[in-house]
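Residues per chain are reported as follows:
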Amino acid sequence: MASSQCLLRHHTCTLITRGVSAASRTDAIPHHRTRGLSTANQTDMVAQALTLDDVDVRSCPFRKQESTQEDSGVQKDAVKPFSAMPRPKGLPLVGTLLDYFKKDSGLSFSKMFKAYQKRAQEFGPIYNEQIATINNVVVSDPQEYSKLMRAEGRYPHRLEMKPMVYYRNKKGIGLGLVNSQGEEWHRHRTVLSKKMLRPKEVVDYCPGMDAVANDFANRLNSIRKENNEIHDIETEIFKWAMESIGTVLLEDRIGCFNEPPSQDAQEFITNLMGFFKTMQPLMYNVPLYQIYPTKLWRQYETYADKVMAIGEKYVTKVCRHYVMEMVRDLRRQGHGHWGEICHQGM
């Protein structure tokens, strides 16, 4: 699910009145954060995105077009107030938070994409929802979401994942690409783009990812039932995603499809799934964990600690490999003393 800070100035088609910051702050809604989220089917989004012509960010289905003649003869459109946006009814302070705890509501923090889909079917492709302290503007129309993305500029500001930010600050870890903002995000993104978006680099990853895809297909074929159903398909897809990412970021296989899976692979999968599962309710509930370590926070922190430890082990392995290659190159070039220094540093 892609998400973006909803840019709230009318000239960037963000659906509300003037004077609201395009960054992670909002003057129109004190004490809350507002963001835009895309809930469109991914296939439909890609198909429509490929056919988009030049987008006029001033055009927006939520705009009420009115012609007003001024001395200059220029027509201006009027912007509807934020309060006119469709939204589910909620309670003061907590908004619609309680809806996500009702068994028959069809809403769940563990399946937020389904919640967004259900809301969009009821309130339309652009709607507003306040869940506790978070005020969302949800955009499920691919073309309108594309306008938001294009209007963000070079240094976007997006709603951070609060539990992850709190955890990383507590542990003294940098925010990284996911939660960094503005120029810091652009700096991280520029480094990553050089390894992931250049055609030559992408081609280099194809053999490894192709091998993962074949292993995934063989795995599904081996565990499917007589009626061709796959039990716990979500976990299997998670394994495929982790193996695919590993070929790019770690330049190595994690071992998710081994029989049996390696201990690190199994622990990595279990803890990473637990990490995401516990983060969802922490994001949308009142952040009591910042005052007192709640049971849910302690579970999240345990999962995060293990994910970080296993991830560090994989990264250290990659770094050691490159250092050893550098040592061998230095020795071949007659710079053995520098090679020994590098080797001792490992």
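The rules we used
- Chains are numbered independently. Their residues run from 1 in the order of the written sequence.
- Residue-level local features of this predicted model are given only where pLDDT is at least 70; pairs of side-chain atoms are given and counted only at 80 or more, and the full residue set underlies all totals for whole chains, interfaces and linings.
- Working from all heavy atoms in the structure, the side-chain values ignore hydrogens and water.
- Three exposure classes are used, based on accessible area relative to the maximum for each residue type with a 1.4 Å probe and protein chains only: buried under 20%, partly exposed in between, and exposed over 50%.
- Numbering of helices and strands starts at the N terminus; helices are DSSP runs of H or I of at least 4 residues and strands are runs of E of at least 2.
- Any two strands are treated as partners once DSSP identifies two or more bridges connecting them.
- Contacts were defined at the residue level, with two residues in contact if any of their heavy atoms lie within 4.5 Å.

**Comments concerning the pairing of strand S4 (residues 134–139)**
Counting buried residues in S4 gives six out of six residues, a clear majority hidden from the surface. Burial of S4 is two-sided: the residues Ile134, Asn136 and Val138 facing one way and the residues Asn135, Val137 and Val139 facing the other way are all buried. In the sheet, strand S3 (residues 126–131) pairs with S4 via six bridges, with the strands oriented antiparallel. Opposite glutamate 129, over in S4, you have asparagine 136 as the bridge partner. Counting the residues that bridge the hairpin from S3 to S4 gives two residues, and of these alanine 132 lies at a positive phi of roughly 55°.

**Describing the environment of phenylalanine 268**
One can find phenylalanine 268 in helix H9 (residues 263–284). A relative accessible area of 9% places phenylalanine 268 in the buried class. On a C-alpha basis, the gap between phenylalanine 268 and cysteine 256 in space is 9.3 Å, while along the polypeptide they are twelve residues apart. For phenylalanine 268, the residues in contact, after removing those within four places along its chain, are Met242, Ile254, Val307, Ile310, Gly311 and Tyr314.

**Description of the environment of alanine 309**
Residue position: alanine 309 is located in helix H10 (residues 295–332). Residue class for alanine 309 comes out partly exposed when judged on its relative accessible area of 45%. Sequence separation between alanine 309 and phenylalanine 268 is 41 residues; the distance between their C-alpha atoms is 9.4 Å.

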